[in-house]
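# Architecture at a glance
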Amino acid sequence: MLQPVTMSILDENDKLKSAIGSFIVEFSEMEFALAHLCIFTEFDLLKANDNEVEYLGMSLDLKKKSINRYIDRYQPDLKERWEKISQEISRLNMYRRHIAHGVHIASLSDSLTTSIKVGKQVESEELTAEKINTWRSELSELLTGQDGVNGVFMTDFKRLSIDRWNKHVSDAYKIVYKVNGVIKTSWKG
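For clarity, every value in this text was computed on a predicted model and none was experimentally measured. (Residues numbered from 1 in each chain as written. Predicted model: local features only at pLDDT ≥ 70, side-chain atom pairs only at ≥ 80, totals over all residues. Heavy atoms only, no water.)

### Section: the overall build of the chain
The helix and strand inventory of the chain stands at six helices and four strands. Written out in order from the N terminus, the α and β elements of the chain read α-α-α-α-β-β-α-α-β-β. Scaling as 2.2 N^0.38, a compact globule of 189 residues should have a C-alpha radius of gyration of about 16 Å, whereas the chain reaches 21 Å, well beyond that. For the chain, the residues scored as buried account for 39% of the 189 residues in total. Long-range contacts, defined here as pairs at least 24 residues apart, represent 58% of the contacts in the chain between residues at least 6 apart. For the chain, the exposed surface amounts to about 11100 Å²; the carbon and sulfur share of it is 51%. Averaged over its 26 positive side-chain charges, the chain has a centre that lies 6 Å from the centre of its 28 negative ones. (Helix = DSSP H or I, 4+ residues; strand = E, 2+ residues; numbered from the N terminus. Rg over C-alpha atoms; globule rule 2.2 N^0.38 Å. Buried < 20%, exposed > 50% of the residue type's maximum accessible area, 1.4 Å probe, protein only. Contact = heavy atoms within 4.5 Å. Areas by Shrake-Rupley, 256 points an atom, 1.4 Å probe, with all protein chains shown as cover. Lys, Arg positive; Asp, Glu negative; His and termini not counted. Charge placed at Lys NZ, Arg CZ, Asp CG, Glu CD.)

### Some remarks on the pattern of salt bridges
This structure, assessed with the given rule, holds 12 salt bridges. The residue D72 makes a salt bridge to K79 at a minimum N-O spacing of 2.6 Å. On the basis of relative accessible area, K79 is assigned to the partly exposed category, the value being 30%. In this structure, E125 engages K131 in a salt bridge whose closest nitrogen and oxygen atoms are separated by 2.8 Å. A cluster of three or more residues bridged by salt bridges with shared partners is formed by R81, D147, D156 and R159. (Salt bridge = Lys/Arg side-chain N within 4 Å of Asp/Glu carboxyl O.)

### Considerations on the pairing of strand β2 (residues 121-128)
Judged from the eight bridges that link them, strand β1 (residues 111-118) and β2 form a sheet pairing that is antiparallel. Paired with K117 across the bridge in β2 is V122. Hairpin remark: β1 followed by β2, antiparallel, with two residues in the connecting loop; positive phi at G119, about 65°. (Pairing = 2+ DSSP bridges.)

### Some thoughts on the packing of helix α4 (residues 79-101) against helix α5 (residues 129-144)
Put simply, α4 and α5 touch, their axes get as near as 11 Å, and they point 145° apart. Two packed elements cross with a definite hand, and for α4 against α5 that hand is left-handed. Contacts between α4 and α5 pair I85, E88, I89, R91, L92, Y95 and I99 from the former with I132, W135, E138, L139 and L142 from the latter. Looking at the contact of α4 with α5 residue by residue, the class counts come to nine nonpolar, no polar and three charged. (Axes fitted to C-alpha atoms, helices over the stretch in contact; angles between N-to-C directions. Left-handed = near helix turned anticlockwise from the far one by under 90°. Nonpolar A, V, L, I, M, F, W, Y, C, P; charged D, E, K, R; others polar.)

### Looking at the nonpolar core
Membership of the largest hydrophobic core comes to 44 residues, with the highest contact counts inside it found for L34, I89, I132 and F157. Those elements that place two or more of their residues in this core are α1 (7-39), α3 (60-74), α4, α5 and α6 (152-168). Looking at which element gives the most residues to this core, the answer is α1, with 12 residues. For I132, the residues in contact, after removing those within four places along its chain, are L16, A19, I20, F23, I99 and L127. (Core = buried A, V, L, I, M, F, W, Y, C linked by side-chain atoms within 4.5 Å.)

### Some remarks on the packing of aromatic side chains
Under the defined criterion, the tally for this structure stands at eight aromatic pairs. Seen in terms of ring centroids, F23 and F27 are 6.1 Å apart; in terms of plane orientation they differ by 35°. Their pairing is tilted. Highlighted residues: F23 and F27, both in helix α1, separated by four residues, approximately one helical turn. A single burial state applies to F23 and to F27, both of which are buried. Over the ring of F27 we find R96, and its NZ or CZ is 5.5 Å from the ring centre. In this structure, R164 is placed above the aromatic ring of Y74, and the distance from its NZ or CZ to the ring centre is 3.5 Å. (Phe/Tyr/Trp six-rings, centres within 6.5 Å; stacked < 30°, edge-to-face > 60°. Lys NZ or Arg CZ within 6 Å of the ring centre and 35° of its normal.)

### Let's talk about the confidence of the model for the chain
The predicted model of the chain has a mean per-residue pLDDT of 89, with 91% of residues at 70 or higher. Mean pLDDT in the chain bottoms out at β1, which sits at 82, and peaks at α3, which reaches 97. (pLDDT = per-residue confidence, 0-100.)

Structural data, given as structure tokens:
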């Protein structure tokens, strides 16, 4: 005999769906920020935006590799910070994989069971709104926190990339980079 669905289960299911949606949207913002960083790995910054489509279409791993190669070669001072960010991205991507690829059956419940392939094994996870909201909070910190991908790290990355460009071009092609009205580049114009 079917049991009637109580309002609390419906409310919990809505909380779970909302948490999943918020996490996926914020992860997408982070991937877009990585694509934007990739644009600044180009040498010719005046034409760098021409590669936006290519970078937006790259997988997460390829974006990270592109940024990593650039930092290794041109911005080694950012290496330690980038490695921490990259590791955190990988950890949170595992959770994204559970949400985006591992749901068995989406039923009316306050939790979901997921399974994904990790190496040669299957890893299962019981997802609740609270757990996903914790991951989203960690993702938000990674994106906009103290040294977030879309925060101070991006500002430093862009500044160094533009300073590199400015060293190799005449004044007519130099770029001034401002954040909140403050010039960040060595060349002030």
